Amino acid sequence: MKKILVTGALGQIGSELVVKLREVYGEHNVMATDIRRTDNEVVCNGPFELLDVTDGRRMFEIAKAHQADTLIHLAALLSATAEAKPLLAWNLNMGGLVNALEVARELNCKFFTPSSIGAFGPTTPKDNTPQDTIQRPTTMYGVNKVAGELLCDYYFQKFSLDTRGLRFPGLISYVTPPGGGTTDYAVEIYYEAVKRQAYTSYIAKNTFMDMMYMPDALKAIIDLMEADSSRLTHRNAFNVTAMSVDPEAIATAIRRQIPEFKLSYQVDPVRQAIADSWPNSIDATASRDEWGFKPEFDLDKMTKDMLLKLSQKYSLVGAS
Ligand code: SER
């Protein structure tokens, strides 16, 4: 990776990945693109262009002008938004992906796009979900993710395009909140713990899902992209996870830092149904074996860091 183009660069992953990539590969070598513009370091501290990923022509022009050799395609709608607007999700998630793959094919770029635990469904084995297993998701997001995994495999087999991907669990970070996902509760709970020492969860007790802290997710993307291609058997859909948790487990970890923290429930049936269709925990053995995946943050270590960083963020805001 020398000249990288990132789509969806102002989203939850992109806003931290771009900063990290610029540290590693050089500020001017990482072109960030998004459908909107905000005054943050992604836009102000390096090359940035407005891009709607459904406009394949413009994506091609930006990538060509940047002389991109790597395309990291992040722009997508998450699971709950996709359920509310299924046709928009199909057009954006699949249309954007096909455009990005075509640009990568025309310019011979290495390619990364994330898949998700949402690529599994109710008939998938729920515990320690294998790398290769039944994938019959019941959400539009899941349909997009399975189709995306297959499409990336197809571009590899048919056109020898170097496509790679990870099935991300819920990603937790203190920089940019996710929007419209089912696992978002696991981020909100930390913000609310810092702001008011209480949280009302829309996901029910005993609903276990995989999660991972953002620094581990960023490292996983870079490690996978830098891995020796000949070692990769599961190119576009590696299971990765650092923990399997329910709301109570996170609350218990928060109480080790904030003893007065209170958790209550008001379950949202739509997001609960999505969560119930996903695995409790997935098996990341293929990632460990094929490219050395090893997350650094478990629940307690992540919780300490999240609470510290969010307290600093809010005391800074309060003081200004
Ligand atoms: N975090 C995503 C969501 O909840 C799953 O990939 O939609």
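Report follows, based on the coordinates. Remember, predicted model here, so these are calculated numbers, not experimental data.

**A short note on the packing of aromatic side chains**
One pass over the full model with this rule turns up 8 aromatic pairs. Between tyrosine 191 and tyrosine 314, the ring centres sit 6.2 Å apart and the planes meet at 75°, which makes this aromatic pair edge-to-face. You can see tyrosine 191 sitting in helix H7 (residues 185–196) and its partner tyrosine 314 sitting in helix H12 (residues 299–319), a full 123 residues away along the chain. For tyrosine 314, a relative accessible area of 28% corresponds to the partly exposed category. Ring geometry for tryptophan 291 against phenylalanine 293: centres 5.6 Å apart, planes inclined by 50°, an arrangement best described as tilted. Of the two residues, tryptophan 291 and phenylalanine 293, both sit in the buried class. Three or more aromatic residues joined by ring pairs make a cluster, and in this case those are Tyr154, Tyr155 and Phe159. The residue whose ring lies beneath arginine 271 is tyrosine 202, and the NZ or CZ to ring-centre distance is 3.5 Å.

**Describing the site of the ligand**
Around the ligand, the neighbouring residues are Leu78, Ser79, Ser116, Tyr141, Gly181, Thr182, Thr183 and Trp278. Here an oxygen atom of the ligand sits 3.0 Å away from a polar atom, N or O, in the side chain of tyrosine 141. In this structure, an oxygen atom belonging to the ligand sits 2.6 Å away from a main-chain N or O atom of threonine 182. When the ligand is considered free in solution it has 240 Å² of accessible area, and contact with the protein chains removes 93% of it. Assessed atom by atom at 2 Å from the grid points, the ligand resides in the largest pocket. Grouping the amino acids of the shell around the ligand by side-chain chemistry returns 3 nonpolar, 5 polar and no charged.

Analysis parameters
- Starting afresh in each chain, residues are numbered from 1 along the sequence in its written order.
- Totals for whole chains, interfaces and linings use all residues, but because this is a predicted model, local features are given only for residues with pLDDT of at least 70 and pairs of side-chain atoms are given and counted only at 80 or more.
- In computing side-chain properties, one takes all heavy atoms of the structure into account and sets aside hydrogens as well as water.
- We call Phe, Tyr and Trp rings a pair once their centres come within 6.5 Å, taking the six-membered ring for Trp, and we label the pair stacked below 30 degrees between planes, edge-to-face above 60, and tilted otherwise.
- Working definition: helices are DSSP H or I runs of at least four residues, strands are E runs of at least two. Numbering for both runs from the N terminus.
- Classification of residues uses two cut-offs on accessible area relative to the type maximum, computed with a 1.4 Å probe and protein chains only: under 20% is buried, over 50% is exposed, and between them is partly exposed.
- Criterion for a charge above a ring: Arg CZ or Lys NZ at most 6 Å from the ring centre, at most 35 degrees from the ring normal.
- The nearness test applies per residue and asks whether one of its heavy atoms lies within 4 Å of the molecule or strand.
- Whenever a nitrogen or oxygen atom comes within 3.5 Å of another N or O atom, the pair is scored as a polar contact, on the condition that within protein one atom can donate a hydrogen and the other can accept it, and that pairs from neighbouring residues in sequence are kept only if both atoms are in side chains.
- Areas reported here follow the Shrake-Rupley algorithm with a probe of radius 1.4 Å; residue values treat only the protein chains shown as occluding.
- For cavity detection a 1 Å grid was placed over the protein atoms alone, and a set of points counts as a cavity when a 1.4 Å probe fits there but cannot get out; an open set counts as a pocket when protein lies on both sides within 12 Å along at least five of seven lines, with lining residues being those that have an atom within 4 Å of a point.
- Just a note on the criterion: a molecule sits in a pocket or cavity if more than half of its atoms are within 2 Å of the grid points.
- Three classes are used, and their members are as follows: Ala, Val, Leu, Ile, Met, Phe, Trp, Tyr, Cys and Pro are nonpolar, Asp, Glu, Lys and Arg are charged, and the others, Gly among them, are polar.

Shape is all these values report; function is a separate question.
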